[in-house]
Amino acid sequence: MSHTDAGAELDPVHPLPVPPARAPGLTHAEVAERLARGEVNDVPVRSSRSLAEIVRANVFTRFNAIIGVLWLITLFVAPIQDSLFGFVIIANTGIGIIQEWRAKKTLDSLAVIGESRPTVRRDGAATEIATSEIVLDDVLEIGPGDKIVVDGTCVEADGLEIDESLLTGEADPVVKHPGDQVMSGSFVVAGGGAFRAVKVGHKAYAAQLAEEASRFTLVHSELRTGISTILKYVTWMMVPTALGLVVSQLVAKDDDLKDSVARTIGGIVPMVPEGLVLLTSVAFAIGVIRLGRKQCLVQELPAIEGLARIDTVCLDKTGTLTEGGMDVTELRTLDGRPEPYVRQVLGALGESDPRPNASLQAIIDACPDTEEWRCVESLPFSSARKYSGASFSESDGESSTWLLGAPDVLLPEDSPALAETVRLNEQGLRVLLLARAGRELDDPAVASDVTPAALVVLEQRLRPDAADTLRYFADQDVHAKVISGDNAVSVGAVAAKVGLTGAAVDARRLPAERDELARELDEATVFGRVTPQQKRDMVGALQSRGHTVAMTGDGVNDVLALKDADIGVSMGSGSEATRAVAQIVLLNNSFSVLPSVVAEGRRVIGNITRVATLFLVKTVYSVLLAVLVVCSQVEYPFLPRHLTLLSTLTIGVPAFFLALAPNTERARPHFVRRVMRYAVPGGVVAAVATFVTYLLARHHYTGPQALDAETSAATLTLFLISMWVLAIIARPYTWWRVLLVAAMGAAFLVVLAVPALQQFFALKLVGTAMPWTAVGIAVAASAVLEFLWKWVGRRFPV
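Every chain is numbered independently, its residues counted from 1 as its sequence is written. Per-residue local features are limited, in this predicted model, to residues with pLDDT of at least 70; the limit for side-chain atom pairs, both in listing and counting, is 80 or more; totals at the level of whole chains, interfaces and linings are taken over all residues. Heavy atoms throughout the structure, all of them, feed into the side-chain values; hydrogens and water do not.

## What about the sheet that holds strand 22 (residues 567–571)?
Okay, so step 1: Read across the sheet, eight strands follow the order 10-23-22-21-11-18-20-19 without closing on themselves; strand pairing throughout is mixed. Unpaired on one side and paired on the other, strand 10 (296–298) and strand 19 (504–506) mark the two borders of the sheet. The average undirected angle you get between the axes of adjacent strands in this sheet is 20°.
Okay, so step 2: Inspection of the sheet shows strand 10 paired to strand 23 (residues 584–586) by three bridges, in the antiparallel sense. Note that in strand 23 the partner of Val298 across the bridge is Ile584.
Okay, so step 3: Helix 16 (residues 488–497) rests against strand 18 (479–483), strand 19 and strand 20 (526–528) of the sheet, and its axis sits at about 145° to strand 20. In this analysis, strands are considered paired if DSSP registers two or more bridges between them. Helix numbers and strand numbers start at the N terminus; a helix is a DSSP run of H or I with at least 4 residues, a strand a run of E with at least 2. Only C-alpha atoms enter the line fits that serve as axes; for helices the fit covers just the stretch in contact. Angles between N-to-C directions range over 0 to 180 degrees. Note on contacts: a residue pair is in contact if any heavy atoms of the two residues lie within 4.5 Å.

In structure tokens, the structure reads:
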């Protein structure tokens with residue numbers, strides 16, 4: 001609430017108060033002075049990692065260090081073909097750096113587009129500038145939805161109400177008067193005004209919080225945490241196994257030193273699932289680039305993953321189902337009021353609000369102000385109270401107070417005007433009531449004593465893409481809930497027009513207890529007359545039932561719910577406050593982009609879960625093979641070149657394509673359990689079958705070239721089993737998946753058939769008995785693997 005005469009002087013000629021002079025702001029010279037002193041809002045808020053950080057994160061990893069040391073050793077003791085794994089790591093790391101750098105550039109360019117530009121007064125004029133250009137003592141103008149970007153002192157207030165809940169936890173807006181402190185990180189919910197910056201840069205209260213909140217990050221996600229957990233266990237298994245292998249090959253076997261070292265390294269290298277971390281980073285980075293092309297700003301990278309998990313999306317009607325603009329289609333006068341007089345009242349009300357919302361803007365367009373009335377006092381619209389108002393001195397000198405707002409809030413239940421409103425709401429029309437108040441505007445009970453004057457009928461413009469978007473969510477088993485501050489019947493009618501069926505509930509009748517509220521939310525689809533605090537409570541209630549909730553919105557009344565939701569999605573044209581707290585900003589305001597965002601999330605998480613199994617099957621069979629070799633005191637069957645070839649054909653190349661493929665399956669929790677329940681049996685079967693082939697080959701072959709023949713037979717078995725694992729992972733089959741698997745198999749056949757490649761990879765099948773035995777063992781192992789895969793799926797559902 002505000003008094004325009006607060007702090008004003010009385011004019012001796014005219015009885016009405018004269019507003020105080022506006023705070024002029026700084027001059028150009030004063031700004032230059034402060035810039036020279038460094039008194040500027042230079043907080044380095046970054047939307048992404050720097051190039052140096054990207055390189056460091058991709059190069060200096062624990063496993064790159066292990067692989068790098070082993071590679072250097074191999075370069076000295078073995079032929080170049082045994083060092084191929086090192087070149088693969090260099091190439092992979094380079095790909096990771098390039099993709100993340102591309103993602104950084106995309107993100108930074110979008111961040112500039114979506115960056116807020118506060119209005120400051122300089123040289124007596126209002127100017128929009130970048131947040132980083134604000135200097136000490138700048139005067140900033142603020143209105144509904146604006147975020148306070150630096151700490152300051154209020155110098156003007158016109159019904160100024162600021163929400164500080166994100167800083168203090170206090171849900172109720174705080175009314176500000178000249179002289180009051182305003183804190184960075186809070187936002188305006190009603191009214192307008194101006195404040196003078198007293199703390200800028202790092203000195204501002206929320207500066208450090210803002211820097212952390214908007215930083216490009218790969219942490220805090222189940223996917224990344226799960227992969228880190230797996231790598232930790234892998235390290236624990238790898239260290240003792242590798243030490244045992246070293247001892248086995250160098251001490252227990254009296255063989256050629258260089259060959260023993262090469263085979264030891266061949267046993268250690270495949271234990272490291274080095275490509276898994278890289279592939280995850282690349283998938284996330286490409287996700288950012290893909291969404292960036294659709295004008296979608298991902299402010300927190302794990303949001304891509306979070307979207308894959310959502311099962312409920314809460315939509316605010318305005319800006320999602322309907323476009324922001326409205327049109328006045330009818331003006332129904334009540335109580336015998338003449339229409340010209342009613343239009344004069346509406347025009348004056350429109351002129352009294354310097355920052356009109358969409359409804360009031362439509363009224364201003366239909367009923368322009370005549371400038372014959374003077375506003376004495378104004379009450380800006382608030383989503384919590386559902387009405388606005390103003391007191392006027394009319395052209396004939398009479399004083400009057402008028403309210404404009406929700407009929408079902410201002411009128412008693414038995415009012416005939418309310419019954420008429422319900423009929424209009426059922427047609428999907430929005431209705432506002434113009435009423436004359438019998439009390440002063442600053443009376444807390446001003447809305448309890450009103451006389452209806454007119455019903456203002458507004459038609460909302462439906463978004464042409466809303467129906468298709470909601471149909472997509474329904475097909476993907478994502479439940480849509482429309483949560484609006486408007487009349488429930490009207491919202492329900494609008495929702496029905498875009499194909500969203502279900503009961504419409506008036507939120508004023510919803511229970512406050514969380515469990516009961518969650519039950520109501522599960523049963524109904526549309527909720528009207530929802531207060532900002534109720535929106536927040538609804539998100540919490542849905543989450544208490546195990547739902548993963550996305551919230552969309554563009555107004556200040558959505559901020560608290562956006563902050564609490566698992567994923568907050570804001571429109572680019574929405575208030576600065578909503579853009580600040582949302583993880584995803586749709587810069588082109590297109591609701592139809594949301595399915596693409598959800599699909600991108602599902603593609604990333606679903607595919608990484610899929611290919612993680614490929615990598616970890618290799619880790620399991622590598623560790624188990626090493627254990628079997630140590631226990632049996634035999635030479636390790638493979639050289640590094642063999643496992644480099646197998647990894648490339650059955651994991652590296654296929655995983656890259658599978659990780660970027662379309663995937664619409666909703667992500668499920670328990671990433672580690674889901675991956676390991678398949679990786680462990682797959683790895684065990686592959687290791688046992690390969691070792692059985694190797695032992696049989698050792699008894700079958702004799703002579704100086706026996707070890708090469710034994711290695712070739714074991715390699716054939718391991719390749720065929722790995723191909724079957726790939727064939728399982730690639731399901732369900734499409735033409736390109738079949739082609740991918742077939743191409744990998746054909747590539748291996750080329751290696752076996754071309755003499756130069758045989759020699760390069762030290763692979764030559766000797767005779768027919770042992771190779772066919774190797775194939776038979778692989779076929780039997782694949783059958784066992786198929787059975788185990790299905791049994792595990794039934795026995796250990798996630």
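## Describing the nonpolar core
Okay, so step 1: In terms of nonpolar packing, the biggest core is built from 123 residues, with Leu321, Ile584 and Leu586 touching the most fellow members.
Okay, so step 2: Discounting residues that sit within four places of it in the chain, Leu586 has contacts with Gln295, Cys296, Val569, Ser570, Met571, Gly572, Val593, Leu594 and Val597.
Okay, so step 3: To form a nonpolar core, buried Ala, Val, Leu, Ile, Met, Phe, Trp, Tyr and Cys residues must be joined to one another through side-chain atoms within 4.5 Å. Categorising residues by exposure relies on relative accessible area from a 1.4 Å probe, with only protein chains included: less than 20% of the type maximum marks a residue as buried, more than 50% marks it as exposed, and the intermediate range marks it as partly exposed. Among the nonpolar cores identified, the runner-up in size contains 25 residues, and Phe187, Leu542, Met551 and Leu562 belong to it.

## A look at the pairing of strand 5 (residues 139–142)
Okay, so step 1: Neither face of strand 5 is exposed, since Val139 and Glu141 on one face and Leu140 and Ile142 on the opposite face are all buried.
Okay, so step 2: Here strand 3 (residues 119–122) runs beside strand 5; their pairing, made up of three bridges, is antiparallel. Bridged to Val120 within strand 5 is Leu140.
Okay, so step 3: Looking at chain direction, strand 5 and strand 9 (residues 187–199) are connected through four bridges and run antiparallel.

## Quick look at helix 16
Two residues of an α-helix separated by three or four positions point the same way, owing to the 3.6 residues in each turn.
Okay, so step 1: For helix 16, the buried fraction is high: seven of the 10 residues fall into the buried class.
Okay, so step 2: For helix 16, the set of buried residues is Ala488, Ser490, Val491, Gly492, Ala493, Val494 and Ala495.
Okay, so step 3: Positive phi appears at Gly499, one or two residues downstream of helix 16, with a value of about 90°.

## What to know about empty space enclosed by the protein
Okay, so step 1: Site definitions follow a grid-based scheme: protein atoms alone, a 1 Å grid, a 1.4 Å probe that fits but cannot get out for cavities, and for pockets an open set with protein on both sides within 12 Å along at least five of seven lines, plus lining residues having an atom within 4 Å of a point. Grid points are joined across faces, edges and corners, and a volume is the space filled by probe spheres set on the points. Scanning all chains against the criterion turns up three cavities of 30 Å³ or more.
Okay, so step 2: By volume, the largest cavity is sized at about 60 Å³.
Okay, so step 3: Leu349, Gly350, Ser352, Asp353, Leu360, Ser378, Leu379, Pro380, Ser388 and Gly389 are the residues that line the largest cavity.
Okay, so step 4: Put simply, the parts of the chain that give the lining of the largest cavity at least two residues each are helix 11 (339–352), strand 13 (374–382) and strand 14 (387–393).
Okay, so step 5: We call Asp, Glu, Lys and Arg charged. Ala, Val, Leu, Ile, Met, Phe, Trp, Tyr, Cys and Pro are nonpolar, and the rest, Gly among them, are polar. Residues that form the lining of the largest cavity fall into these classes: four nonpolar, five polar and one charged.

## Examining the packing of helix 23 (residues 671–700) against helix 24 (residues 706–729)
Okay, so step 1: For the pair helix 23 and helix 24, interaxial distance at closest approach is 9 Å and the crossing angle is 155°. When the axis of helix 23 is compared with that of helix 24, the two are roughly antiparallel. For helix 23 against helix 24, the interelement crossing comes out right-handed. In contact with Val685, Ala686, Ala689, Thr690, Thr693, Tyr694, Ala697 and Arg698 of helix 23, helix 24 contributes Leu707, Glu710, Ala713, Ala714, Thr717, Leu718 and Ile721. For this classification, under 35 degrees means roughly parallel, over 145 means roughly antiparallel, 65 to 115 means roughly perpendicular, and everything else is oblique. When the near helix sits turned anticlockwise from the far one by under a right angle, the crossing is termed left-handed; a clockwise turn instead gives a right-handed crossing.

## Comments concerning unusual backbone geometry
Most peptide bonds are trans, and most residues other than glycine sit at a negative phi.
Okay, so step 1: In this model, Arg731 is joined to Pro732 through a cis peptide bond whose omega is -5°.
Okay, so step 2: A positive phi is found at Asp137, a non-glycine position, where the angle reads about 75°.
Okay, so step 3: Tracing the backbone through its elements, the reader meets Asp137 in the loop between strand 4 (125–128) and strand 5.
Okay, so step 4: The backbone of Gln295 shows a phi angle near 60°, a positive value even though the residue is not glycine.
Okay, so step 5: On the secondary structure map, Gln295 appears in the loop between helix 9 (274–292) and strand 10.

## A look at helix 18 (residues 532–544)
Okay, so step 1: The span one expects for a helix is its residue count, reduced by one, times 1.5 Å. Compared with the 18 Å implied by 1.5 Å per residue over 13 residues, the 19 Å span of helix 18 between its first and last C-alpha is a close match.
Okay, so step 2: Within the span of helix 18, buried status applies to Pro532, Gln534, Lys535, Met538, Val539, Gly540, Ala541 and Leu542.
Okay, so step 3: Of the surrounding elements, those touching the buried residues of helix 18 are strand 11 (312–315), strand 18, helix 17 (514–523), strand 20, strand 21 (549–553) and helix 19 (559–564).
Okay, so step 4: At the C-terminal side of helix 18, Gly546 shows a positive phi close to 85°.

## Focus: the environment of Thr153
Okay, so step 1: Residue placement: Thr153 occurs in strand 6 (residues 151–163).
Okay, so step 2: The exposure class assigned to Thr153 is partly exposed, which follows from its relative accessible area of 28%.
Okay, so step 3: A sequence separation of 219 residues divides Thr153 from Glu372, and the C-alpha atoms of the two residues are 35 Å apart.

## What about the side chain of Thr119?
Okay, so step 1: Inspection of the secondary structure puts Thr119 in strand 3.
Okay, so step 2: Of the residues examined, Thr119 reaches a relative accessible area of 18% and is grouped as buried.
Okay, so step 3: For Thr119, the contacting residues outside a window of four places in its chain are Ala126, Thr127, Glu128, Val139, Leu140 and Glu141.

## A short note on the packing of aromatic side chains
Okay, so step 1: Any two rings among Phe, Tyr and Trp, with Trp reduced to its six-membered ring, count as a pair given centres within 6.5 Å; such a pair is stacked if its planes are under 30 degrees apart, edge-to-face if over 60, and tilted if neither. In this structure the tally under the stated criterion is 11 aromatic pairs.
Okay, so step 2: A ring pair is formed by Tyr636 and Phe638, whose centres lie 6.1 Å apart and whose planes are at 75°; its orientation type is edge-to-face. With respect to burial, Tyr636 and Phe638 carry one shared label: buried.
Okay, so step 3: Taken together through their ring pairs, the aromatic side chains of Tyr341, Trp373, Phe392 and Trp402 make up a single cluster.

## Thoughts on the pattern of salt bridges
Okay, so step 1: We define a salt bridge as a side-chain nitrogen of Lys or Arg found within 4 Å of a carboxyl oxygen belonging to Asp or Glu. Inspection of every chain in the model, using the stated rule, returns 25 salt bridges.
Okay, so step 2: Between Arg508 and Asp408 there is a salt bridge, with its nearest N and O atoms 2.9 Å apart. Placement of Arg508 in the loop between strand 19 and helix 17 and of Asp408 in helix 13 (residues 407–410) is noted, with a sequence separation of 100 residues between them.
Okay, so step 3: Of the charged contacts in the structure, one is a salt bridge between Asp506 and Arg509, with a shortest N-O distance of 3.3 Å.
Okay, so step 4: Shared partners join several salt bridges into a network, and the residues in it are Asp408, Asp506, Arg508, Arg509 and Arg529.

## Focus: the pairing of strand 9
Okay, so step 1: Of all 13 residues making up strand 9, 10 are buried, and the element is well covered by its neighbours.
Okay, so step 2: As judged from the 10 bridges shared by strand 6 and strand 9, these two strands associate in the antiparallel manner. Looking at strand 9, one finds that Ala157 is bridged to Gly193.

## Some points on the environment of Pro640
Okay, so step 1: Of note, Pro640 is situated in helix 22 (residues 640–659).
Okay, so step 2: Judged by its relative accessible area of 3%, Pro640 falls in the buried class.
Okay, so step 3: Distance from Pro640 to Ala686, taken between C-alpha atoms, is 18 Å for residues 46 residues apart in sequence.
Okay, so step 4: Non-local contacts of Pro640, meaning those with residues more than four positions away in its chain, are made with Asp82, Phe85, Ala262, Ile265 and Gly266.

## Details of the state of the cysteines
Okay, so step 1: Note on terminology: disulfide denotes any pair of cysteine sulfur atoms within 2.5 Å. Going through the model one piece at a time under the given rule, you end up with zero disulfides.
Okay, so step 2: Cys367 takes part in no disulfide bond, and the closest cysteine sulfur, belonging to Cys375, lies 17 Å away.
Okay, so step 3: Residue Cys367 is classed as buried on the basis of its relative accessible area, which comes to 5%.

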